[in-house]
Amino acid sequence: MHTIRTCIARSSRSFLRLTNTNTHFHRSMSSSTPNGVPAEKARKLVTSSRIAGELSRAADVWSLFGPAAMPKDSISLGQGFMSWQPPAYIRKALEEAVETRVDVHHYSHAKGRPRLRAAIAQHYSREFPNLVEEGRELDPETEVVVTAGANEGIYAALAAFLEPGEQQEVILFEPAFDQYSSSITFNGGKEVFVPIRFHGDPDKISTGNDWKIDIEEFKTAITPKTRAIILNTPHNPIGKVFTKEELLEIGKVAEEHDLLIIADEVYDCLTFDGVDHVRIAGLPGFWERTLTVGSAGKSFAATGWRVGWVLGHAPLIRAVLAASTRVVFCVNSPTQEAAAIGLELAAQEKFFETQRKEYERRRAALLKHIDALGLPYTLPQGSYFVLIDISRLKIPGPDEYDYPESIKSRPRDFHAAWWLAHEIGIVAIPPSEFYSEPHAKLGERFLRLAFCKEVDVLEAAGERLQKLKPYIAPA
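## Description of the overall build of the protein
So, point 1. From N to C terminus, the protein includes 17 helices and 16 strands.
So, point 2. Burial analysis of the protein (475 residues in total) assigns 54% to the buried set.
So, point 3. For the protein, the accessible area works out to roughly 20900 Å², and carbon and sulfur atoms hold 53% of it.
So, point 4. Across the protein, the mean location of the 55 positive side-chain charges is 4 Å away from that of the 61 negative side-chain charges.

Written out as structure tokens, the structure reads:
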């Protein structure tokens, strides 16, 4: 824990020191500027090295396969946003609060609204066995911080623990959500990729248990510069829910090398078939080095609220709060109030139990149509995505179809997703986007479909998918 403690002390003294050393003015070489300013006084603004990669990288999947870029009559099973409103009990209580109270329209504390932090502590404490054994709950004052979505929570955690200028490394288990990489590089870090490898039968339906991290490969990726790991469970896009045994193995390696664990658990309330979500922070010895990230948007079908939270050991949370305060100062008050109401009344409304059953019905509605196609897939144990194996799907190559240049040079799953949207009318996401370039081929044999849609939408999508039958090669 020495290096983690050292960085906590450092972050509290000089937090978020900007490293824009490349942002400076260059004098123009021309004799004068268009408005007649002498050349010696003309200057050119130069962007920072922090965003160089963002400005030069190819268009991402959200731009290429977002609703604005896809055919208007297509059905989107691409991005993971829901096709329904948050629950009525939250909307009703929030409306009353907005109409009758003044405080919800003004600044909240940088830690988060006290009501929400208290609701988080009460709701989640029982899910950490270490706290249960200690006979206590999360301290809403010191062990909870509210962030502008889970994404900002992860960004703030990296800002708190990566030392600028040292190219400290963060291990990502890929496929990994693409926002992780930018959050690491923006904070002066470097990504190191370790694949979650598929070990199942490619011709049969698999589960998350067929996707495994090679612990020796993980150990080999660690260097003296390794600072942290980001672990996503339940996993997007695989749908894997890591077992207690797997988490213990991963945690012991982190403990041996004194690494921070950032546990992205935004799909924690969406596990299926009786599979339990295990929190790595609650396992013996890992609380002091783990930050657990959650999301109101995923929990309550409200991705536009941008309310998330980070839970953990008080000294770690203090550092995250220092960073988050300088990134956003505070999270918007009305949606914090909504999230608090959602958690406070969830048990009374049987919300999470009901929601889980509804998602299982949605999953079944989509998968029966994929079964009819005879394509293998990974049965998701958690989250709301399914990976379909498209190895047998015969699609035209880059020289046989009018793909745009932004698609033509990308891996095969990009071609398949583009063709599927324009010829079949179904939008999917190519998962090779979630891999580093050396490992992209591990992802290009799949497509990701989201089932966070109403059943009638999934039924309509499934009927369209049957048009693929003539393009599927025999097993």
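Anyway, onward from the coordinates.
## A short note on helix α10 (residues 244-256)
Three- or four-residue spacings in an α-helix give side chains the same orientation, since the helix completes a turn every 3.6 residues.
So, point 1. For α10, which comprises 13 residues, the first-to-last C-alpha distance of 18 Å matches the rise-based estimate of 18 Å (1.5 Å per residue) to within 8%.
So, point 2. Among the residues of α10, those classed as buried are Glu-246, Leu-247, Ile-250, Gly-251, Val-253 and Ala-254. The buried residues of α10 occupy one face: seen down the axis, they fall within an arc of 155 degrees. With respect to the buried face of α10, the exposed residues turned more than 90 degrees away are Glu-245, Lys-252 and Glu-256.
So, point 3. On its buried face, α10 is in contact with β8 (211-213), α9 (215-221), β9 (226-232) and β10 (260-264).
So, point 4. Of the residues trailing α10, Asp-258 is marked for its positive phi of about 55 degrees.

## Points about the sheet that holds strand β12 (residues 308-312)
So, point 1. Sheet architecture is open: eight strands sit in the order β4-β12-β11-β10-β9-β5-β6-β8, paired in mixed fashion. Each of the sheet's edge strands pairs with one partner strand only, and the pair in question is β4 (144-147) and β8. Averaged over all pairs of adjacent strands, the angle between strand axes in this sheet comes to 25 degrees, irrespective of strand direction.
So, point 2. Where strand β6 (residues 190-198) meets β8, three bridges bridge the pair, whose relative direction is antiparallel.

## Some points on the packing of helix α5 (residues 114-124) against helix α13 (residues 333-349)
So, point 1. Taken N-terminus to C-terminus, the directions of α5 and α13 make an angle of 30 degrees; their axes are 8 Å apart at the nearest point. Taken together, the axis directions place α5 and α13 in an arrangement best described as roughly parallel. Judged by the twist between their axes, the crossing of α5 over α13 is left-handed. Two secondary-structure elements touch here, α5 through Arg-115, Leu-116, Ala-119, Ile-120, His-123 and Tyr-124 and α13 through Gln-336, Glu-337, Ala-339, Ala-340, Ile-341, Leu-343 and Glu-344.
So, point 2. Its residues placed into classes, the contact of α5 with α13 shows eight nonpolar, two polar and three charged.

## A short note on helix α7 (residues 149-161)
So, point 1. The end-to-end C-alpha separation of α7 is 19 Å, in line with the 18 Å expected for 13 residues at 1.5 Å each.
So, point 2. The element α7 is largely enclosed, with a buried count of eleven among its 13 residues.
So, point 3. Within α7, the full set of buried residues consists of Gly-149, Ala-150, Glu-152, Gly-153, Ile-154, Ala-156, Ala-157, Leu-158, Ala-159, Ala-160 and Phe-161.

## A few points about the sheet that holds strand β14 (residues 385-389)
So, point 1. Ordered in space as β7-β13-β14-β16, the four strands form an open sheet in which the pairing is mixed. Here the strands that pair on one side only, and so sit at the sheet edges, are β7 (206-207) and β16 (446-450).
So, point 2. Where β7 and strand β13 (residues 377-379) come together, two bridges link them in parallel fashion. Its bridge partner being in β13, Thr-207 is matched across the sheet by Leu-379.
So, point 3. Strands β13, β14 and β16 of the sheet are contacted by helix α14 (residues 351-373), whose axis makes an angle of about 150 degrees with β13.

## As for the side chain of His-369
So, point 1. Note on placement: His-369 falls in helix α14.
So, point 2. Here His-369 falls in the buried class, since its relative accessible area comes to 11%.
So, point 3. For His-369, the residues in contact, after removing those within four places along its chain, are Leu-458, Glu-459, Gly-462, Glu-463 and Gln-466.

## With respect to the packing of aromatic side chains
So, point 1. Enumeration according to the criterion identifies 25 aromatic pairs in this entry.
So, point 2. Each ring, one from Phe-173 and one from Phe-218, has its centre 5.2 Å from the other, and the planes form 75 degrees; the classification is edge-to-face. One end of the pair, Phe-173, is in strand β5 (residues 169-174); the other, Phe-218, is in helix α9, with 45 residues separating them in the sequence.
So, point 3. The class for Phe-218 is buried, based on a relative accessible area of 0%.
So, point 4. Among the aromatic side chains, those forming a connected cluster through ring pairs are Trp-84, Tyr-267, Phe-272, Tyr-359, Tyr-384, Phe-385 and Phe-451.
So, point 5. Of note, Lys-240 hangs over the ring of Phe-242, and the distance from its end group to the ring centre comes to 5.0 Å.
So, point 6. Cation over ring: Lys-453 sits above Phe-81, and NZ or CZ is 4.0 Å from the ring centre.

## Remarks on the environment of Arg-448
So, point 1. If you trace the backbone, Arg-448 turns up in strand β16.
So, point 2. C-alpha of Arg-448 to C-alpha of Ala-417: the two residues are 31 residues apart in sequence and 9.2 Å apart in space.
So, point 3. Within polar-contact distance, the side chain of Arg-448 engages the backbone oxygen of Gly-78 at 3.0 Å.
So, point 4. Within the structure, Arg-448 has its side chain in polar contact with the side chain of Asn-236 (distance 2.9 Å).

## Structural notes on the pairing of β14
So, point 1. Among the five residues in β14, five count as buried, and that is most of the element.
So, point 2. Sheet topology note: the β13/β14 ladder contains two bridges and is antiparallel. The residue of β14 that forms the bridge with Tyr-377 is Ile-388.
So, point 3. Counted between consecutive antiparallel strands, the loop separating β13 from β14 contains five residues, among which Ser-383 sits at a positive phi close to 70 degrees.
So, point 4. Both β14 and β16 contribute to a ladder of five bridges, which runs antiparallel.

## Considerations on the pairing of β16
So, point 1. Most of β16 sits inside the fold, with five of its five residues counted as buried.
So, point 2. Burial along β16 is two-sided: Phe-446, Arg-448 and Ala-450 facing one way and Leu-447 and Leu-449 facing the other are all buried.

## Thoughts on the confidence of the model for the protein
A low pLDDT means the predicted coordinates there should not be read in detail.
So, point 1. The share of residues in the protein with pLDDT of 70 or more is 91%, and the mean pLDDT across the chain is 91.
So, point 2. Counted against residues more than four places away or in other chains, residues 9-30, with its pLDDT under 50, gives 39 contacts.

## Some remarks on the nonpolar core
So, point 1. Counting 114 residues, the largest nonpolar core has Phe-65 and Leu-449 as the members making the most contacts within it.
So, point 2. What Phe-65 contacts, discounting residues up to four positions off in sequence, is Met-70, Ile-407, Phe-414, Ala-417, Trp-418, Val-427, Ala-428, Ile-429 and Pro-430.
So, point 3. Listed in part, the 28 residues of the second largest apolar core include Trp-211, Ile-213, Leu-247 and Ile-261.

Conventions and cut-offs
Residues numbered from 1 in each chain as written. Predicted model: local features only at pLDDT ≥ 70, side-chain atom pairs only at ≥ 80, totals over all residues. Heavy atoms only, no water. Helix = DSSP H or I, 4+ residues; strand = E, 2+ residues; numbered from the N terminus. Buried < 20%, exposed > 50% of the residue type's maximum accessible area, 1.4 Å probe, protein only. Areas by Shrake-Rupley, 256 points an atom, 1.4 Å probe, with all protein chains shown as cover. Lys, Arg positive; Asp, Glu negative; His and termini not counted. Charge placed at Lys NZ, Arg CZ, Asp CG, Glu CD. Expected span 1.5 Å × (residues − 1). Arc of directions from axis to C-beta. Contact = heavy atoms within 4.5 Å. Pairing = 2+ DSSP bridges. Axes fitted to C-alpha atoms, helices over the stretch in contact; angles between N-to-C directions. Parallel < 35°, antiparallel > 145°, perpendicular 65-115°, else oblique. Left-handed = near helix turned anticlockwise from the far one by under 90°. Nonpolar A, V, L, I, M, F, W, Y, C, P; charged D, E, K, R; others polar. Phe/Tyr/Trp six-rings, centres within 6.5 Å; stacked < 30°, edge-to-face > 60°. Lys NZ or Arg CZ within 6 Å of the ring centre and 35° of its normal. Polar contact = N/O pair within 3.5 Å; in protein donor to acceptor, adjacent residues only side chain to side chain. pLDDT = per-residue confidence, 0-100. Core = buried A, V, L, I, M, F, W, Y, C linked by side-chain atoms within 4.5 Å.

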